[in-house]
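Breakdown of the fold
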Amino acid sequence: MARTRVNGIELFYEVEGEGEPLVLVHGSWTDHRSWHAVLPHLTRAHCVLVYDRRGHSRSERPPGQGTRAQDEDDLAALIEMVGAPVHVAASSFGGSVALGLAARRPELLRSLAVHEPPLTAVVAGDPELDRLMREAQPPIDAVMADIRAGDPEAGARRFVEEVVFGSGAWDGMPEPARRTFVTNAPTAADEQGDPDGNAVDLAGLSGYPGPVMLSKGTGSPPWFGAIVDRLARVIPGAQVRTLHGEGHVPHLTAPQRYADNLLGFIASTGSAPRP
């Protein structure tokens, strides 16, 4: 366990394993522990860095409205600390962070693997997807209203039961997981408040030269697949992998499958794991 000061804040991180560096970027509401199930598989082949993004768990939460660009700058600083270029794998909003950095500073990345980034702006204008996203928005708005009213536990419970897993799921979660959701609820609301948080520089990504794997699950809402497909049409040579039977967090629900998929992709770039 370690801490480093970057861009005026303190970030918590852990490094484990040996080999080419691999940085994992978590999504909203969670923290570095969301990767723990896949770490035993990945650290046999790579020196893996996991961290809590700004505003999450053990990392510092600065006051005021944050931006995804700040997260991108934090990721850049950690990569430079490890020694660029590195492999990066990211999930959900962490994938938006990683793609935003790829558009701005491609020289930092050896390869990039992203699962279902919520970059809804890249599919805006599709009538059916717009309708589905509008229908899904009211419970998310209610979650944000709870948090901004000063009740992060109510917002976290509502998010788990009305947006993600279904009725009764909150009481079935382990207490540490519930605490993590409550702790990080204000940052989840902050990310929703970033007006540029759901967009990415497609022109910048169109010039990204490195290997990219974009993945989607058949169990996820349809706009995630549409986002992945749109990004794949923009990024030169991007691979798209469909994880049948999985949803938005395959590193949690199918860690062995997720790790095998990621390691296979990295190996295909010419960075084979150690014997």
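In what follows, the accompanying structure is described. (Residues numbered from 1 in each chain as written. Predicted model: local features only at pLDDT ≥ 70, side-chain atom pairs only at ≥ 80, totals over all residues. Heavy atoms only, no water.)

**Examining the overall build of the chain**
A tally of regular secondary structure across the chain gives 11 helices and 8 strands. Taking 275 residues into account, the globule formula puts the C-alpha radius of gyration at 19 Å, and the chain, at 18 Å, falls close to it. Oriented by its inertia axes, the alpha-carbon framework of the chain measures out at about 50 × 45 × 35 Å. Across the 275 residues that make up the chain, the buried fraction comes to 50%. Partitioning the intrachain contacts of the chain with sequence separation of at least 6 by distance along the chain shows that 74% fall at a separation of at least 24. Here the chain has roughly 11,500 Å² of accessible surface; of this, 52% comes from carbon and sulfur atoms. For the chain, the separation between the mean place of its 25 positive charges and that of its 35 negative charges on side chains is 2 Å. (Helix = DSSP H or I, 4+ residues; strand = E, 2+ residues; numbered from the N terminus. Rg over C-alpha atoms; globule rule 2.2 N^0.38 Å. Buried < 20%, exposed > 50% of the residue type's maximum accessible area, 1.4 Å probe, protein only. Contact = heavy atoms within 4.5 Å. Areas by Shrake-Rupley, 256 points an atom, 1.4 Å probe, with all protein chains shown as cover. Lys, Arg positive; Asp, Glu negative; His and termini not counted. Charge placed at Lys NZ, Arg CZ, Asp CG, Glu CD.)

**Looking at the packing of aromatic side chains**
Enumeration over the complete set of coordinates arrives at 5 aromatic pairs. Ring geometry for Trp29 against Phe159: centres 4.4 Å apart, planes inclined by 15°, an arrangement best described as stacked. You can see Trp29 sitting in the loop between β3 (20-25) and α1 (39-42) and its partner Phe159 sitting in helix α5 (residues 152-164), a full 130 residues away along the chain. The buried category is assigned to Phe159, whose relative accessible area is 17%. Aromatic pair Trp29 and Phe181: ring centres 5.8 Å apart, planes at 25°, arrangement stacked. Note that Trp29 is positioned in the loop between β3 and α1 and Phe181 in helix α7 (residues 175-193), a separation of 152 residues in sequence. An identical accessibility class is assigned to Trp29 and Phe181; each is buried. Among the aromatic residues, those joined into a ring-pair cluster are Trp29, Phe159 and Phe181. In this structure, Arg58 packs its charged tip against the face of Phe12, placed 4.7 Å from the ring centre. (Phe/Tyr/Trp six-rings, centres within 6.5 Å; stacked < 30°, edge-to-face > 60°. Lys NZ or Arg CZ within 6 Å of the ring centre and 35° of its normal.)

**Quick look at the pattern of salt bridges**
Scanning the entire structure with this criterion turns up 21 salt bridges. Of the charged contacts, one joins Arg33 and Asp31 as a salt bridge, the two residues approaching to 2.5 Å between their closest N and O atoms. Residue Asp31 is classed as buried on the basis of its relative accessible area of 2%. With a closest N to O distance of 2.9 Å, Glu191 and Arg53 form a salt bridge. Remark: Arg53 occurs in the loop between β4 (46-51) and α2 (68-82) and Glu191 occurs in helix α7; sequence separation between them is 138 residues. Of the residues examined, Glu191 reaches a relative accessible area of 9% and is grouped as buried. Residues participating in the shared-partner salt-bridge network are Arg68, Glu72, Asp73 and Arg104. (Salt bridge = Lys/Arg side-chain N within 4 Å of Asp/Glu carboxyl O.)

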